[in-house]
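So the chains spell out like this:
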Amino acid sequence: MDIIETIKEQIANNTILLYMKGAPNAPQCGFSAKASQAVMQCGEKFAYVDILQNPEIRANLPKYANWPTFPQLWVAGELVGGSDIITEMATDGSLQALIKDAAANAAAKTDA
């Protein structure tokens, strides 16, 4: 499978997905640490991809997303943004609302 197809599949199959350097419990850069903390504080399960372990994704996701940096948060198939946007949204409460709504909608679909 081509790497763009893999990226599309990851985004489609995970309601809340964080592309980051490292893992949420062991981030490998300050921006990924801030982003993963903000997402974890929302209290919903989320998937992550360590781009340091996936160099093809690291090389191709910025072109696909039209977003040059990492981390990248995707919610319900849409790019939310990077570390600054994620932390701003966490501060004003909109990140929690977005993630809770997406998780609730995903749960409703699986229950249907």
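Use the structure listed above.
An account of the accompanying structure is given in this report. (Residues numbered from 1 in each chain as written. Predicted model: local features only at pLDDT ≥ 70, side-chain atom pairs only at ≥ 80, totals over all residues. Heavy atoms only, no water.)

Describing the sheet that holds strand E4 (residues 47–50)
Logical step 1: An order of E4-E1-E5-E6 is seen for the 4 strands of this open sheet, with the pairing classed as mixed. Both outer strands of the open sheet, E4 and strand E6 (78–81), are each paired with one neighbouring strand and no more. Direction aside, the axes of adjacent strands within the sheet are offset by 25° on average.
Logical step 2: Together, strand E1 (16–20), strand E5 (72–75) and E6 form the strand contacts of helix H4 (residues 83–92), whose direction differs from that of E6 by roughly 80°.
Logical step 3: The strands that helix H5 (residues 94–111) touches are E1, E5 and E6; relative to E5, the one it contacts most, it runs at about 45°. (Pairing = 2+ DSSP bridges. Helix = DSSP H or I, 4+ residues; strand = E, 2+ residues; numbered from the N terminus. Axes fitted to C-alpha atoms, helices over the stretch in contact; angles between N-to-C directions. Contact = heavy atoms within 4.5 Å.)

Brief notes about the side chain of Ser32
Logical step 1: For Ser32, the location among the structural elements is in helix H2 (residues 30–40).
Logical step 2: Discounting residues that sit within four places of it in the chain, Ser32 has contacts with Met20, Lys21, Pro27 and Pro71.

Regarding the packing of aromatic side chains
Logical step 1: Across all of its chains, the model carries 1 aromatic pair by this definition.
Logical step 2: Here Tyr64 and Trp74 contribute two aromatic rings whose centre-to-centre distance is 6.2 Å and whose plane-to-plane angle is 25°, an arrangement assigned as stacked. Residue Tyr64 is located in helix H3 (residues 55–65), and its partner Trp74 is located in strand E5; the two are separated by 10 residues in the primary sequence. (Phe/Tyr/Trp six-rings, centres within 6.5 Å; stacked < 30°, edge-to-face > 60°.)

A short note on the packing of H2 against H4
Logical step 1: At their nearest, the axes of H2 and H4 sit 9 Å apart, and the two run at 35° to each other. H4 is crossed by H2, and the crossing has left-handed handedness. Of the residues in H4, those touching H2 at Phe31, Lys34, Ala35, Ala38 and Val39 are Ser83, Ile86, Thr87 and Ala90.
Logical step 2: A per-class count over the contact of H2 with H4 returns 6 nonpolar, 2 polar and 1 charged. (Left-handed = near helix turned anticlockwise from the far one by under 90°. Nonpolar A, V, L, I, M, F, W, Y, C, P; charged D, E, K, R; others polar.)

Geometry only, nothing functional implied.
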